[in-house]
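Chain by chain, the residues run as shown.
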Amino acid sequence: MSVTDQAFVTLATNDIYCQGALVLGQSLRRHRLTRKLVVLITPQVSSLLRVILSKVFDEVIEVNLIDSADYIHLAFLRRPELGLTLTKLHCWTLTHYSKCVFLDADTLVLSNVDELFDRGEFSAAPDPGWPDCFNSGVFVFQPSLHTHKLLLQHAMEHGSFDGADQGLLNSFFRNWSTADIHKHLPFIYNLSSNTMYTYSPAFKQFGSSAKVVHFLGSTKPWNYKYNPQSGSVLEQGSASSSQHQAVFLHLWWTIYQNNVLPLYKSAQAGKAHASPGHRLCLSDVGALCTDSVSGVGEPCANSTPSAGVLCANSPLGSNQPAQGLLEPTQMVDETLSLPEGRRSEDMIDCPEIETPAVITCDPLSQPSPQLADFTETETTLQPANKVESVPSEETFEPSQELPAETIRDPSLQDALEVDLAVSVSQISIKEKVKELSPEEERRKWEEGRIDYMGKDAFARIQEKLDRFLQ
Ligand SMILES: O=c1ccn([C@@H]2O[C@H](COP(=O)(O)OP(=O)(O)O[C@H]3O[C@H](CO)[C@@H](O)[C@H](O)[C@H]3O)[C@@H](O)[C@H]2O)c(=O)[nH]1
Ligand SMILES: [Mn+2]
């Protein structure tokens, strides 16, 4: 039974978080999806990723952070650090749905969660760090322009105690912890991956019923690398993960490999029809690199969104699935349900992306991956080269208050585009290193945005000086 006036909603403000949104979308499709799938994006998201998102989501809706005509703009001028926060709040504008479930792009759905739609606004699960507050990574809400307006007003008047949406929503829905126990979602609907090992016995007892896992915190699944041959997730740097978490990380990467990467391939196949500016290639060394011309910083109205991409400024009224320009070509398992109008015969294999014949650890093929006996999994975690890890500077750190002078208008933030490196033995998702013009470099320095760990590191500067002095 399909319910067209209810939806699962997520948010991705850049191409890196889009990877998470794609895995989340595909994980929802694996479990008898009966609601619409919606992703909110901002202008920073490249046109290539818009096309790919439109293959998984029924609606790809661009929301603009800055709208000079309304009070959001004014709010931003005063409280720019709430940028991402307010973007999440835009989900209340989806008034063509009667009820929605918001899921962070760093969540992964493990089984059908339709029963969440039986709950009312505002339902959420306790935050593991402070259980009298809810975690805003999974919540049930009722779209309403009135609530949206009240939330923005609240943001302007009171700010947010953690500088982000979770603090704001907790102070707005302040009686959540006491008023109605039905609005407390069980923890299994938002199982934070980093708490699994802080209370292991509980995880052992209840972990098998987990329905949504949340990779909360600064290290996201896409910060790891994956060896498709051995089925191992390669850990980066000093970040450690528990054996429990390893199973979920492995599941994330398996979905990424099987259900997301082929979408890039099909985008390549159809690029002749897509807007110019995309580049998707397999280099000599077997790396799959993506390139695109994104409408960075362009206002919604002036940009030319890809087919299937709606603008928040445009009338929202269509319940039609967003149809991309390209034929859907997904390499998925039979249980995966496709959006309306998409035929499973369209699925093709992806020969260039070399996948191993045997994946040694495939939790998807097990009856219940989350039930797996962890001592039996072959998932291994190995340290990976830290230099190649995704820089974490753009990662959302809720507790981290940025000094005011380094905060910029979020609509002007650099687009975070991805470099996918896919070889027989390794898949990695990296932020694309962009060559900046000397003017851009200078602007970055003047704004205090100095890459101390990277190209502006003292050792690099010294190298340059040495070369100059030779
Ligand atoms: O650059 C970014 C950062 C975040 N997001 C979106 O915002 C969500 C929240 O960010 P995330 O990095 O997932 O934050 P968490 O590590 O989960 O931290 C906690 O704190 C955040 C700020 O209060 C809340 O939004 C989260 O729900 C809460 O779990 C993401 O999942 C995305 O959907 C982006 O699209 N781009
Ligand atoms: Mn999150």
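Report on the accompanying structure. Just so you know, these numbers come straight off a predicted model, no measurement behind them.

What counts, and at which threshold
Residues numbered from 1 in each chain as written. Chains lettered and ligands numbered in written order. Predicted model: local features only at pLDDT ≥ 70, side-chain atom pairs only at ≥ 80, totals over all residues. Heavy atoms only, no water. Helix = DSSP H or I, 4+ residues; strand = E, 2+ residues; numbered from the N terminus. Buried < 20%, exposed > 50% of the residue type's maximum accessible area, 1.4 Å probe, protein only. Contact = heavy atoms within 4.5 Å. Areas by Shrake-Rupley, 256 points an atom, 1.4 Å probe, with all protein chains shown as cover. Salt bridge = Lys/Arg side-chain N within 4 Å of Asp/Glu carboxyl O. Core = buried A, V, L, I, M, F, W, Y, C linked by side-chain atoms within 4.5 Å.

**Brief notes about the overall build of the chain**
- The number of helices and strands found in the chain is 11 helices and 17 strands.
- Residues counted as buried form 54% of the 470 residues belonging to the chain.
- Excluding contacts between residues fewer than 6 apart, the proportion of contacts in the chain whose partners are at least 24 apart in sequence is 74%.
- Carbon and sulfur atoms provide 54% of the accessible area of the chain, an area that totals close to 21100 Å².

**Focus: the pattern of salt bridges**
- This model, assessed by the stated rule, comprises 7 salt bridges.
- Among the salt bridges present, the one from Arg-50 reaches Glu-62, with a minimum N-O distance of 2.6 Å. With Arg-50 in helix 2 (residues 47-56) and Glu-62 in strand 3 (residues 59-62), this pair connects stretches of sequence that are 12 residues apart. Taken as a pair, Arg-50 and Glu-62 share a single burial class, namely buried.
- Between Asp-106 and Lys-220 there is a salt bridge, and its shortest N-O distance comes to 2.6 Å. Pair noted here: Asp-106 is in the loop between strand 4 (99-103) and strand 5 (107-109) and Lys-220 is in the loop between strand 9 (212-214) and strand 10 (225-227), with a separation of 114 residues, a long-range link. When sorted by exposure, Asp-106 lands in the same class as Lys-220, which is buried.
- What you see here is one network of salt bridges that share partners, running through Lys-88, Asp-104 and Asp-165.

**As for the nonpolar core**
- Counting 64 residues, the largest nonpolar core has Leu-53, Tyr-256 and Tyr-264 as its most contacted members.
- One finds Ala-7, Leu-94, Ala-124 and Phe-173 within the second-largest nonpolar core, a separate group that totals 27 residues.

Such coordinate-based values are descriptive only and should not be taken to indicate function.
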